[in-house]
Each structure stands twice: as structure tokens, then as C-alpha cells.
Amino acid sequence: CCLGKSDAPVMRKRDELDLLMQEGYSLLHKNKTAKACNLWLELWSKLKIRFKPEFKNVKEAETIFSGEELVYNWCQDLEAELGNAAIDDPSYYQIRIEYCNDFCSIFSESDSLLIHNMKRAIAESHFALGDISKGDECFTALIEEYPKNIWGYIGWGDMYLWPMKKDTKPDYEKAENIYKMTMGMELGDESDLIDRLEELKIKRVKTI
């Protein structure tokens, strides 16, 4: 009976965190994205208290949380939904930057694709806030760190083909130059890059 009593508080804590996570998903289904993000940011703060210093990979967080969704998946959902919330309220772009930086600092040894996506989200958010020079700086660092990931180049070029900040004009030449940095590198997913170049060509024709 003693064992049962000692385990009970741990289970209650895990249940509380899982309830917060699932409530967030429920809010998303009701299209209440900002409220879901606010709730999940509260959950992120509660989880961070439980993360151990030796945790370097987000998958290790599963040892302190047991819920319906893996922390690995949920962390990526939070990043994506912060981006969605920012469409209506740009202040969430700064929150997204802070969250992604926090994540990369804590879980620096997570798989490279996940870290790449988080750092790409940071760079995109700077562009969305109108800080083009900082966005360029972040994308430059991203492709230097991950030169074989074509999505760093595509993501950067997209910022000039389809500007995220309202009232910002496209820069087709800049977009094309970035896309073409990958030529001859055989990075894979090149069909997506070709689609971008075709879209760029169409947009240029329309402006003539």
C-alpha cells in the first residue's frame, strides 16, 4: 500500500499536464488557435521545470511525461500553431522565436530535421516581423549548418517570392538567386524547388 501512495502524486501531475495538452488540441478543433497556444505555452513552462539537465534530445522528455500525445510531436505542433496564431496577431511571431530558441537550447541534440525546422521557423518569423536583415542572418546560418537540406534554401527564397509581412513587395531576383544556390548540389526534393522557379516565372510575366 505504501508503494501505491508514493506513486499517486506522480500520476496526478502527469494527468494534469496531459489534460492541458488535450485541452489545447480541443481548442484547436474549435478554431481557437490563440487560446490553444496560450494554454500550451503554460504547459511548456510546466514541462521545463521537469526537464533534467542531462536531457539533450526531446525524446528523453517522454520519461517525465505520459500522455495521449508524444512530447516529440506536440513540441512541433506548438511551433506550427504559434505561426498560425501570428497570422491574426503578429505578436505571436516573437513568441514563436522565443519558444523555438528555447527548444533548440534545451534539446540541442534532437534529430537534425526537427532542429532545422525550429531554426527555419525562427528565420521566417523575423521576416514576418519585418526584420529582413535578421531573417537573412538566420537563414545564412541555417544553410551553413545544414548545407544538404534543400528546405533551408527553399524557405529563404520563399520569403522573397511570397513575403510574409503585409505591404512588402516580392523580390523575384533575390528569390531566384537563393533558389539557384542549390543548382548542381543534388540535394533531393528538387521537384519542390522546380515548382518554386516555375511560380516565380509566372509571377514575373504577370508583372510585365
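What you see is a predicted model; the values in this text were computed from it and never measured. (Residues numbered from 1 in each chain as written. Predicted model: local features only at pLDDT ≥ 70, side-chain atom pairs only at ≥ 80, totals over all residues. Heavy atoms only, no water.)

Quick notes on unusual backbone geometry
Trans peptide bonds make up most of the peptide bonds, and negative phi angles are found at most residues other than glycine.
Thought 1: Although it is not a glycine, Asn-31 adopts a positive phi angle of roughly 65°.
Thought 2: Mapped onto the elements, Asn-31 comes out in the loop between α1 (2-29) and α2 (33-50).
Thought 3: A relative accessible area of 68% means that Asn-31 is categorised as exposed.
Thought 4: Unlike most non-glycine residues, Asp-189 shows phi in positive territory, near 55°.
Thought 5: When you line up the elements, Asp-189 lands in the loop between α8 (172-179) and α9 (190-207).
Thought 6: Accessibility expressed as a relative area gives 45% for Asp-189, which makes it partly exposed. (Helix = DSSP H or I, 4+ residues; strand = E, 2+ residues; numbered from the N terminus. Buried < 20%, exposed > 50% of the residue type's maximum accessible area, 1.4 Å probe, protein only.)

Re helix α7 (residues 150-161)
Thought 1: The end-to-end C-alpha separation of α7 is 16 Å, in line with the 16 Å expected for 12 residues at 1.5 Å each.
Thought 2: Of all 12 residues in α7, 11 are buried; the element is thus mostly enclosed.
Thought 3: Within α7, burial applies to Ile-150, Gly-152, Tyr-153, Ile-154, Gly-155, Trp-156, Gly-157, Asp-158, Met-159, Tyr-160 and Leu-161.
Thought 4: Along its buried surface, α7 packs onto α5 (112-128), α6 (132-145), α8 and α9. (Expected span 1.5 Å × (residues − 1). Contact = heavy atoms within 4.5 Å.)

Some thoughts on the packing of helix α4 (residues 91-106) against α5
Thought 1: Axis separation between α4 and α5 bottoms out at 9 Å; the angle between their running directions is 155°. For the element pair α4 / α5, the angle class is roughly antiparallel. Read as a crossing pair, α4 and α5 show a hand that is left-handed. Contacts between α4 and α5 involve Tyr-93, Arg-96, Ile-97, Tyr-99, Cys-100, Asn-101, Phe-103 and Cys-104 from the former and Leu-114, Ile-115, Met-118, Lys-119, Ala-121, Ile-122, Glu-124, Ser-125, His-126 and Ala-128 from the latter.
Thought 2: Here the contact of α4 with α5 is composed, by residue class, of 12 nonpolar, 3 polar and 3 charged. (Axes fitted to C-alpha atoms, helices over the stretch in contact; angles between N-to-C directions. Parallel < 35°, antiparallel > 145°, perpendicular 65-115°, else oblique. Left-handed = near helix turned anticlockwise from the far one by under 90°. Nonpolar A, V, L, I, M, F, W, Y, C, P; charged D, E, K, R; others polar.)

Focus: the packing of aromatic side chains
Note on aromatic pairs: each is described by the distance of the centres and the angle between the planes.
Thought 1: According to the stated counting rule, one finds 11 aromatic pairs in the structure shown.
Thought 2: Plain terms: the ring middles of Tyr-25 and Trp-40 are 4.7 Å apart, the flat faces sit at 70° to each other, and that makes the pair edge-to-face. Of this pair, Tyr-25 sits in helix α1 while Trp-40 sits in helix α2; the two residues are 15 residues apart in sequence, bridging distant segments of the chain. Here Tyr-25 and Trp-40 have matching classes, each one buried.
Thought 3: Each ring, one from Trp-44 and one from Tyr-99, has its centre 5.1 Å from the other, and the planes form 80°; the classification is edge-to-face. Here Trp-44, found in helix α2, pairs with Tyr-99, found in helix α4; they are 55 residues apart in sequence, far enough to count as distant.
Thought 4: Classification of Trp-44 as buried rests on a relative accessible area of 4%. (Phe/Tyr/Trp six-rings, centres within 6.5 Å; stacked < 30°, edge-to-face > 60°.)

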